[in-house]
Amino acid sequence: MAFEQQHSPPLRGGESLLQRFRDKTVPIHRHTIWYYFGGMTLFLFSVQVVTGILLLLYYRPTAESAFESVQFIMAEVSFGWLIRSIHSWSANLMILTLFIHMASVYLTRAYRRPREATWISGVGLLVVVLGFGFSGYLLPWNKLAFFATQVGTQIVGSVPIVGSFLLKFLRGGENVTGATITRFYAFHVAILPATATALLALHLLLVQLYGMSTPPDYKAGRTMRFFPNFLLRDIVGWLVALGVLAALAAIFPWDLGVKADPFAPAPKGIRPEWFFVWMFQTLKIVPAHVWIFEGERVAILGFGLLLVLIAAVPLLEARSSSVRPSASGWFTMLGWILLLYVFVMTLSGYLETPVFASTLQEAAPDELFKSDIHNQRGITCGDCHKDNPQPEKREVAALCARCHSDLNYMRRFNPQMRVDQFAEYQTSVHGMRNARGDENVATCTSCHSVHDIRRVRDPRSPVYPTQIASTCAKCHSDTKRMAAYKIPANQFDKYRKSVHATALLDRHDLAAPSCNNCHGNHGARPPGVDSVASVCGQCHRQEKDLFGKSPHAQPFQNLGLAGCVVCHENHEIRKTDDRMLSTEGIGVCSACHSDDASVMKIRDMQSSILKLRLDIDTASETLERAERAGMEISKTKFNLEQVHAELVKARVSVHAFSPEKIAELTNPAMTMTAAAHKNADRALEEVAFRRRGLGYALIAIAVTIIGLILKIREIESR
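Residues numbered from 1 in each chain as written. Predicted model: local features only at pLDDT ≥ 70, side-chain atom pairs only at ≥ 80, totals over all residues. Heavy atoms only, no water.

Draft legend 1. Expanded view of the nonpolar core. Leu44, Tyr59, Tyr106, Trp119, Trp141 and Ile181 are the most contacted members of the largest nonpolar core, which has 56 residues in total. When near neighbours in sequence (up to four residues on either side) are disregarded, Leu44 contacts Ser90, Leu93, Met94, Thr97, Ala241 and Leu245. Among the nonpolar cores identified, the runner-up in size contains 27 residues, and Leu581, Leu612, Ala650 and Phe657 belong to it. (Core = buried A, V, L, I, M, F, W, Y, C linked by side-chain atoms within 4.5 Å. Buried < 20%, exposed > 50% of the residue type's maximum accessible area, 1.4 Å probe, protein only. Contact = heavy atoms within 4.5 Å.)

Below is the structure:
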């Protein structure tokens, strides 16, 4: 719908703004409702200013103090949680209402002459408001904000020509650090507010100068006075926004999250704030190269060009309409297409499922060799096959060793690369059998591939941590091959059920062990009975030390029992369970202990551990209820995590077979758990208090809205 008629005449000489305000009228038509979103955006901006000033009284913009200061505001300052939540929610609602306001202006073509400058100033305000959202997101210095800022600033760094400068300018250096917080803080509380104030003043002045536009089918005479009729309706909208804000802040307080750790891995599914998600998704679908240019740079340039085109729409449409009157319809259609695209891409950003696994496809050797690490380092086919076009399997290791055992040669590529792989291989079970002419045993290409050899750190490499078990299983799950060595072929099936495989393959925890961590890499061989505890002790050091001092260590050694394996098995290592410490059911103690004295010790240890675990579970359940209600309970959760650490120590101390040692750990932990439970109960009481307060506030807002509506009817009935 085109807005063409200018309702209010421009200011005449000598006419005051105050008189113009009193005489101002607002047209009434079927699109009048969109007028209120501009005022609602202004109201939410005012809320931002007030709550932001209050937050400044306690916030400290440093990497060491930012998170703790926000935590203090939410947990210690009276109604600090409410101020911070209203500030965060109003920021998001302000961006939403501004989007709606801009879309309504565009789709109703209210930007047409003489309101071109009004539209351009509005586009400038949109950019500034998005800057507020981007800069304010980092200030709490939590994990999600830290990594989202890394991604966002890296995207800005892809801007052609000036990208490197912009990256350093935004971050205050090469990386996201404490300097970035200071830089973003300056943007958020000084530069952007000053810019927004200037643009807002200009925008409001232009609105007063040129009035509100009307559609072509508007019937002259259908108007209402701006004061008090329209203003009272505007206030009703503000009160509705205030009620929504209060409900969101009380029922869904803005989460603080976990403090940022620059050395921690990025969380899965990291994405920017919702208003930038459509850009983030667009970057994912853009090809790596567009003609001769990098795809990401082309996309960034496209976003900038899109913004310029949106700002220039009034000028472009006026020029096109002068040549072809029907051209204005194309601009409206393009606006709908852009809105649909933004909506679909934003929705896809929240619905997509990350894919972490990849499979290697069979291809011809020359195709595979394109991604081979040797090809990338300038090594050709002839370097391996010149003297022996088709080496036998028993010759492969020695062939690889011609380069990989040459220290001077390998230093050309990596000064820290090992050159003892072949020597280790010769001491392994595989190497010794290979030396005797056994063609079935593994050699270098069995594990590393043949023509598609990749870096160990490449997730597609067969020797990447998550792929190692599958690589070993190619041989060790082959029943026919293993039958010749009288070795079972079910190790991989057992390992897949183990706690180690769950951590490594399901949770992608690269610190969890695979086959090579216990058996070795190039010098792979099964650990001896007397070395099992040492192998397990590489990770489980405390358990190893306690077991070595326990009454079990010497008898196990005398009986030729393989330490840890007796209770935990070898490949199918189950997740430890407190019920294992028992002489009944799934307990592992009954295999050796049946005398009354030992049974009593076992029961005492189990009783202490189970009681502490029950207390922790009860306190955790109460804390989760409080956290779901939006309470800031991070300190109490931290204390409970410390208690859980004591529970882990108590479980580990089982290996010392001493009830007294376990009690020394569980008794103080139970006292800490009781305190955590008490804090959780207080948090739930606070939740009830907040919701009662919300109810009273909403009733007051509703009564005020009803009063305003009645007042409007009274005024208009005169």
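Draft legend 2. View of the packing of aromatic side chains. Applying the stated rule across the entire model yields 23 aromatic pairs. Between Tyr36 and Phe230 the ring centres are 5.0 Å apart and the planes differ by 15°, which places this aromatic pair in the stacked class. Placement of the pair is Tyr36 in helix 2 (residues 35-56) and Phe230 in helix 9 (residues 226-251), with a sequence separation of 194 residues. As far as burial versus exposure is concerned, Tyr36 and Phe230 are alike and both buried. Measuring from centroid to centroid gives 5.3 Å for Trp274 and Phe275, while their planes differ by 80°, and the two rings are edge-to-face. According to the relative accessible area criterion, Trp274 is partly exposed, its value standing at 25%. The exposure class assigned to Phe275 is buried, which follows from its relative accessible area of 4%. In this arrangement the basic side chain of Arg183 is found over the ring face of Phe169, its NZ or CZ atom lying 5.7 Å from the centre. (Phe/Tyr/Trp six-rings, centres within 6.5 Å; stacked < 30°, edge-to-face > 60°. Helix = DSSP H or I, 4+ residues; strand = E, 2+ residues; numbered from the N terminus. Lys NZ or Arg CZ within 6 Å of the ring centre and 35° of its normal.)

Draft legend 3. Highlighting the environment of Arg394. Its place among the elements puts Arg394 in helix 17 (residues 393-404). We classify Arg394 as partly exposed; its relative accessible area is 44%. Ignoring any residue separated from it by four or fewer positions in sequence, one finds Arg394 in contact with Asn434 and Glu439.

Draft legend 4. Representation of the environment of Ser85 within the structure. Take Ser85: it is sitting in helix 4 (residues 80-107). Relative accessible area serves as the criterion here: at 0%, Ser85 is assigned to the buried category. With residues near it in sequence (within four places) discarded, Ser85 still touches Ala249, Pro253 and Trp254.

Draft legend 5. Expanded view of the packing of helix 5 (residues 116-138) against helix 11 (residues 295-311). With their axes 9 Å apart at the nearest point, helix 5 and helix 11 run at an angle of 150° to one another. In this structure, helix 5 uses Trp119, Ile120, Val123 and Val127 to contact helix 11, whose residues at the interface are Leu307, Ile310 and Ala311. Of the residues that constitute the contact of helix 5 with helix 11, the class distribution is seven nonpolar, no polar and no charged. (Axes fitted to C-alpha atoms, helices over the stretch in contact; angles between N-to-C directions. Nonpolar A, V, L, I, M, F, W, Y, C, P; charged D, E, K, R; others polar.)

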